[in-house]
Amino acid sequence: MAERKTGVKQSNSKKQAGNKAKNTKKPVRKEQLKIILGFVLLSFSIYLLFAFGSFLFNATADQSKLQINWWELVKNAEIKVENITGKTGAWLADLFINRWFGLSAFLFIYLLFIYCLKLFNRKIKGNVVKTIKVLVLVLWLSVTLGYAFEGKYETASIYPGGMYGYYIAVWLNSIVGKVGTFFILLVTLFIYLVFVFEGFINIFKRSQKAKSNPEGSLLASPNKNKEAEKDIEKVDIDDGTNEEFEKTVSPIGFDMDRDGEETNNISDDKVTRAKTNEEKEGTDNPQTKTLNEGEDDLEMTVEMKESGNEEFENKPLEDYDPTLDLSHYEFPSIDLLEDYSHLKSEVTDEELIDNKNRIVETLRNFKIEIVKIKATIGPTVTLYEIIPARGIRISKIKNLEDDIALSLSALGIRIIAPIPGRGTIGIEVPNRNPQVVSMRSIIASRKFQETTAELPIAMGRTISNETFVFDLTKMPHILVAGATGQGKSVGLNAIIASILYKKHPSQIKFVFIDPKKVELNLYSSIENHFLAKLPDSEEPIITEVEKVKATLNSVGIEMDNRYDLLKSAHARNIKEYNKKFIERKLNPEKGHRYLPYIVVVIDEFADLIMTAGKEIELPIARIAQLARAVGIHMVIATQRPSTNIITGVIKANFPSRIAFKVASMIDSRTILDHPGANQLIGKGDMLFASGSDMVRLQCALVDTPEVERICEHIAEQQAYPTAYLLPEYVGDDGDMPGAADLSQKDEFFDDAARIVVLNQQGSTSMIQRKFSIGYNRAGRIMDQLEAAGVVGPSEGSKARKVLIQDEYSLEQLLNTL
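One structure accompanies this document, and this report is about it. (Residues numbered from 1 in each chain as written. Predicted model: local features only at pLDDT ≥ 70, side-chain atom pairs only at ≥ 80, totals over all residues. Heavy atoms only, no water.)

So, the overall build of the chain
Next up, step 1: Across its full length, the chain carries 28 helices and 19 strands.
Next up, step 2: By the burial criterion, 43% of the 817 residues in the chain qualify as buried.
Next up, step 3: By sequence separation, contacts in the chain at least 24 residues apart represent 65% of the contacts at least 6 residues apart.
Next up, step 4: Just so you have it, the chain exposes about 45000 Å², and 54% of that area is on carbon and sulfur atoms. (Helix = DSSP H or I, 4+ residues; strand = E, 2+ residues; numbered from the N terminus. Buried < 20%, exposed > 50% of the residue type's maximum accessible area, 1.4 Å probe, protein only. Contact = heavy atoms within 4.5 Å. Areas by Shrake-Rupley, 256 points an atom, 1.4 Å probe, with all protein chains shown as cover.)

Encoded structure:
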């Protein structure tokens with residue numbers, strides 16, 4: 001029997017390997033099929049074009065031969081046609097032109113060409129909209145041509161509007177008459193133009209502007225800068241003749257150069273020169289300007305259009321769109337993920353009944369009676385809920401965990417006594433044939449697609465086979481632990497893939513720290529789309545311990561900067577701040593900017609702690625304590641869940657934890673503060689703890705080829721010029737006075753020193769806001785001020801101490817530098 005089972009398993013593994021190989025070829029075959037269909041459709045389009053064109057010249061000769069159906073026409077060898085595309089082409093041309101839509105049928109060829117380009121992977125927007133527009137135009141042209149040539153259909157060999165257009169035109173004529181039909185066609189044309197062509201509306205807008213100023217006449221003048229928007233200002237020449245003309249000026253004000261083109265554009269027959277009358281009324285009017293040209297004086301009264309200025313000033317600005325730089329970004333499709341539906345296995349009724357009977361029998365052996373038992377089938381385990389008889393102590397059932405596992409011949413039995421909120425005792429029993437939970441099914445689920453979470457994470461399926469989705473911003477940080485090979489790296493990939501499928505590159509940035517150098521290296525190709533790093537870092541994935549320390553401290557600086565921005569914007573969290581910025585309530589010139597979420601992912605945390613210790617732990621603890629409100633979140637993974645790695649400081653700041661299978665109950669208590677992770681069955685079986693709630697899940701499978709395809713899809717698209725740059729971090733060596741070079745002082749050095757002394761506050765972010773410069777440059781200015789003795793050394797997140805108390809002492813110091 002053992003040999004037979006081994007043979008079956010080997011055959012199943014071969015089938016699975018074969019099916020997996022087939023699935024990896026699906027995208028390639030799909031592209032090949034699209035190109036083949038594109039060429040077929042292109043050939044058919046060209047064939048139709050020749051058929052329609054030849055029909056226009058040979059319709060008279062072929063008309064009598066085309067009155068039968070296509071099969072009879074092709075089958076009869078005696079019938080000859082003049083059309084260059086043969087019987088089929090002649091029959092199709094007669095069908096489309098004479099029987100259907102007339103000459104407007106040529107638009108169908110245009111429509112086919114559009115779909116050809118789409119199949120050839122050309123990016124054409126609004127295919128459905130284009131199709132609707134073309135079909136509406138085909139119908140309108142057919143009816144219009146049928147209406148125009150209604151009386152000539154009896155003798156013509158070509159029906160300009162086709163039979164459809166003819167019958168609709170005749171029907172309209174019978175209802176509203178020819179005059180009514182004419183106006184119906186005219187109105188429908190007008191409506192079509194309004195919806196299709198935006199420039200058509202602008203014609204009426206311009207005509208309304210011209211009517212609003214009937215006294216002025218438009219004087220055409222050449223303009224060098226055609227892209228700049230101009231307003232029409234009415235200018236009156238006060239020479240007693242009340243002659244007026246209009247001049248094009250910028251919205252800022254009226255300006256004219258005596259020797260420039262603007263003066264020369266005024267024709268001599270329209271402008272009469274007169275000597276300036278200093279005593280004339282209105283000379284004190286601020287809107288009156290006197291321009292001298294040669295010996296003569298030219299007085300011009302500029303009448304400003306108040307209504308136009310009000311319209312310009314009061315016009316509401318559109319909301320800021322952070323995705324505008326990458327407006328053509330396409331989110332990954334679920335086709336990039338593997339479909340494991342062919343590996344679906346079900347728990348049979350025999351297995352359920354057998355397990356139920358063994359549980360009841362084992363409990364009866366220990367004199368424990370059961371009132372009711374119910375089974376809930378999950379992808380990996382089945383939950384058996386039992387209600388014991390009155391008087392049975394829960395602890396007595398809980399102590400029988402190993403006995404029940406022995407009777408069921410199963411590993412990973414876990415007893416939940418009692419199940420919170422249900423009043424029952426749960427016994428989780430692993431399924432004999434566990435089901436694979438694919439990331440494709442999780443991403444495609446309605447729960448994930450319709451979620452309104454800021455950073456939705458789809459981890460897998462619960463015992464009741466429901467998709468489990470949570471919001472990372474509510475966690476706000478996650479600690480992941482588990483023994484080697486139990487699904488920890490797959491869990492990290494599931495977290496990252498969930499965000500990539502839901503967020504735009506402008507909305508989220510990742511900081512990847514991977515001491516092993518191989519787990520997160522797959523994401524290096526999306527550096528300019530989704531990654532954040534130090535300005536001087538060459539590698540997008542941080543692997544060296546020294547750079548890890550600098551990166552974590554840089555994230556801490558970024559956190560402080562964001563809190564300064566939130567403070568000045570009077571916002572409590574990143575969501576309120578970004579909402580104000582999108583609504584243009586914050587001024588970018590004052591240092592405000594759109595803030596993307598930042599997710600710091602650290603793999604092999606144990607290696608970092610063993611190497612750097614407190615230098616790693618302290619910045620992580622500081623970020624975990626404070627960074628939630630400014631949109632910075634952390635996901636830390638380790639395979640050594642011991643107390644010297646997961647310290648009390650780390651546990652206190654990571655309330656949400658994910659535990660895969662671990663070796664001992666002590667490790668489980670270290671991660672979750674509860675036993676249970678040691679009783680999992682592995683291969684993605686996990687416990688998710690958030691606060692007092694604990695859920696057992698089967699983690700979704702995201703294999704390496706799937707991650708590669710997702711990254712390739714993103715990397716092929718337009719990206720930002722660089723990765724998201726974190727603030728510069730200068731270590732302890734760079735904080736010493738004199739480290740900055742005073743021989744190359746910044747041009748804002750003196751002004752920055754005066755502002756710092758005047759406000760008695762040494763803040764880098766204040767210099768950044770005052771001079772509208774980047775943080776890196778402001779940091780260098782602060783280092784130079786420290787080297788010059790204006791401010792003291794850095795004190796972490798606090799402002800530097802100002803060493804000079806008055807401006808007089810500062811000026812003396814600046815003169816000596």
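From this point, things continue past the structure.
Overview of the pairing of strand β7 (residues 414-419)
Every other side chain in a regular strand lies on the same face of the sheet, so the side chains alternate between the two faces.
Next up, step 1: Across four bridges, β7 lies against strand β8 (residues 424-430) in antiparallel orientation. What sits directly across from Ile-415, in β8, is Ile-427. (Pairing = 2+ DSSP bridges.)

Topic: the pairing of β8
Next up, step 1: Counting buried positions along β8 yields seven of seven residues, so the element is predominantly enclosed.
Next up, step 2: The alternating pattern of β8 places Thr-424, Gly-426, Glu-428 and Pro-430 on one face and Ile-425, Ile-427 and Val-429 on the opposite face, and all of these are buried.
Next up, step 3: Both strand β6 (residues 381-388) and β8 contribute to a ladder of six bridges, which runs antiparallel. Its bridge partner being in β8, Thr-382 is matched across the sheet by Val-429.
Next up, step 4: Once β7 ends, the chain turns through four residues before running back antiparallel as β8, passing Gly-421 with a positive phi of about 85°.

A few points about the packing of helix α18 (residues 545-569) against helix α21 (residues 614-626)
Next up, step 1: Orientation of α18 relative to α21, taken along the N-to-C sense of each, is 25°, at an axis distance of 9 Å. As the angle between them shows, α18 and α21 are arranged roughly parallel. Like other packed secondary-structure pairs, α18 and α21 cross with a definite hand, here left-handed. In this structure, α18 contributes Val-548, Lys-549, Leu-552, Asn-553, Val-555, Gly-556, Met-559, Asp-560 and Tyr-563 to the contact, and α21 contributes Glu-615, Ile-616, Pro-619, Ile-620, Arg-622, Ile-623 and Leu-626.
Next up, step 2: Across the contact of α18 with α21, the residue classes break down as 10 nonpolar, two polar and four charged. (Axes fitted to C-alpha atoms, helices over the stretch in contact; angles between N-to-C directions. Parallel < 35°, antiparallel > 145°, perpendicular 65-115°, else oblique. Left-handed = near helix turned anticlockwise from the far one by under 90°. Nonpolar A, V, L, I, M, F, W, Y, C, P; charged D, E, K, R; others polar.)

Some words on helix α27 (residues 775-788)
Next up, step 1: The end-to-end C-alpha distance of α27, which contains 14 residues, comes to 20 Å, matching closely the 20 Å that a straight helix rising 1.5 Å per residue would cover.
Next up, step 2: Along α27, the positions that sit buried rather than exposed are Tyr-775, Ala-778, Gly-779, Ile-781, Met-782, Gln-784, Leu-785, Glu-786 and Ala-788.
Next up, step 3: Packing partners of the buried residues in α27 comprise α18, α25 (749-759), α26 (764-771) and α28 (807-816).
Next up, step 4: Directly after α27, the chain includes Gly-789, whose backbone phi takes a positive value near 85°. (Expected span 1.5 Å × (residues − 1).)

As for the sheet that holds strand β16 (residues 656-659)
Sheet strands pair via backbone hydrogen bonds, and the direction of the pair is either parallel or antiparallel.
Next up, step 1: Taken in spatial order, the nine strands line up as β10-β9-β18-β17-β16-β11-β15-β14-β12 in an open sheet, and their pairing is mixed. With one partner strand each, in any of the chains shown, β10 (467-471) and β12 (508-513) form the two edges of the open sheet. With direction set aside, neighbouring strand axes in the sheet form an average angle of 25°.
Next up, step 2: Relative to strand β18 (residues 693-699), strand β17 (residues 685-690) is paired through six bridges, and the arrangement is antiparallel. Paired with Met-686 across the strands is Leu-697, a residue of β18.

Section: unusual backbone geometry
Next up, step 1: Omega for the peptide link from Ala-417 to Pro-418 comes to -10°, which places this bond in the cis form.
Next up, step 2: In this structure, Pro-418 sits in strand β7.
Next up, step 3: The linkage connecting Met-475 with the following residue, Pro-476, adopts the cis geometry, with an omega of -5°.
Next up, step 4: Checked against the element boundaries, Pro-476 lands in the loop between β10 and β11 (478-481).
Next up, step 5: Here Lys-517, not a glycine, exhibits a phi torsion of approximately 70°, which is positive.
Next up, step 6: As for its position among the elements, Lys-517 is in the loop between β12 and α17 (527-530).

Focus on the nonpolar core
Next up, step 1: Core analysis: the largest hydrophobic core is formed by 106 residues, its most contacted members being Met-459, Phe-510, Val-600, Ile-602 and Ile-620.
Next up, step 2: Setting aside anything within four residues of it in sequence, one finds Phe-510 in contact with Ile-496, Ile-499, Leu-500, Phe-530, Leu-531, Ala-532, Val-599 and Val-601.
Next up, step 3: Grouped together as the second largest cluster of nonpolar side chains are 25 residues, Phe-52, Leu-92, Val-138 and Ile-158 included. (Core = buried A, V, L, I, M, F, W, Y, C linked by side-chain atoms within 4.5 Å.)

Observations regarding the packing of α25 against α27
What describes two packed helices is the angle between their axes and the distance between those same axes.
Next up, step 1: Close contact between α25 and α27 brings their axes to 10 Å; oriented N to C, the two are set at 75°. One finds that α25 runs roughly perpendicular with respect to α27. Where α25 abuts α27, its residues Phe-749, Ala-752, Ala-753 and Val-756 lie against Ile-781, Gln-784, Leu-785 and Ala-788.
Next up, step 2: Looking at the contact of α25 with α27 residue by residue, the class counts come to seven nonpolar, one polar and no charged.

So, a negative patch on the surface
Next up, step 1: On the surface, a cluster of negative charge is made up of Asp-536, Glu-538, Glu-539 and Glu-544.
Next up, step 2: Topologically, Glu-539 is positioned in the loop between β13 (532-533) and α18. (Patch = residues over 30% accessible without salt bridge, like charges linked within 9 Å, V, L, I, M, F, W, Y side chains within 5 Å. Salt bridge = Lys/Arg side-chain N within 4 Å of Asp/Glu carboxyl O. Lys, Arg positive; Asp, Glu negative; His and termini not counted. Charge placed at Lys NZ, Arg CZ, Asp CG, Glu CD.)

Some words on the sheet that holds β6
Next up, step 1: Read across the open sheet, the four strands follow the order β5-β6-β8-β7; overall the sheet is antiparallel. With partners counted over all chains shown, the strands left at the sheet margins are β5 (370-377) and β7, one partner each. Adjacent strand axes in the sheet meet at a mean angle of 20°, parallel and antiparallel pairs treated alike.
Next up, step 2: Across seven bridges, β5 lies against β6 in antiparallel orientation.

Some words on the packing of aromatic side chains
Next up, step 1: Throughout the structure, instances matching the rule amount to 20 aromatic pairs.
Next up, step 2: Centroid distance Phe-182 to Phe-183: 5.5 Å. Interplanar angle 75°. Geometry classified as edge-to-face.
Next up, step 3: Residue classification places Phe-183 among the partly exposed residues on the basis of a relative accessible area of 47%.
Next up, step 4: Of the aromatic side chains, those joined through ring pairs into one cluster are Phe-52, Phe-96, Trp-100, Phe-101, Phe-106, Phe-108 and Tyr-164.
Next up, step 5: It is Lys-502 that lies over the ring of Phe-448; its NZ or CZ is 5.1 Å from the centre. (Phe/Tyr/Trp six-rings, centres within 6.5 Å; stacked < 30°, edge-to-face > 60°. Lys NZ or Arg CZ within 6 Å of the ring centre and 35° of its normal.)

Brief notes about the side chain of His-529
Next up, step 1: Tracing the sequence through the fold places His-529 in helix α17.
Next up, step 2: For His-529, a relative accessible area of 2% gives the class buried.

With respect to the environment of Glu-428
Next up, step 1: Note that Glu-428 resides in strand β8.
Next up, step 2: Relative accessible area serves as the criterion here: at 2%, Glu-428 is assigned to the buried category.
Next up, step 3: Dropping the residues within four chain positions of it, Glu-428 is found in contact with Thr-382, Leu-383, Gly-412, Ile-413, Arg-414, Ile-416, Ile-463 and Arg-696.

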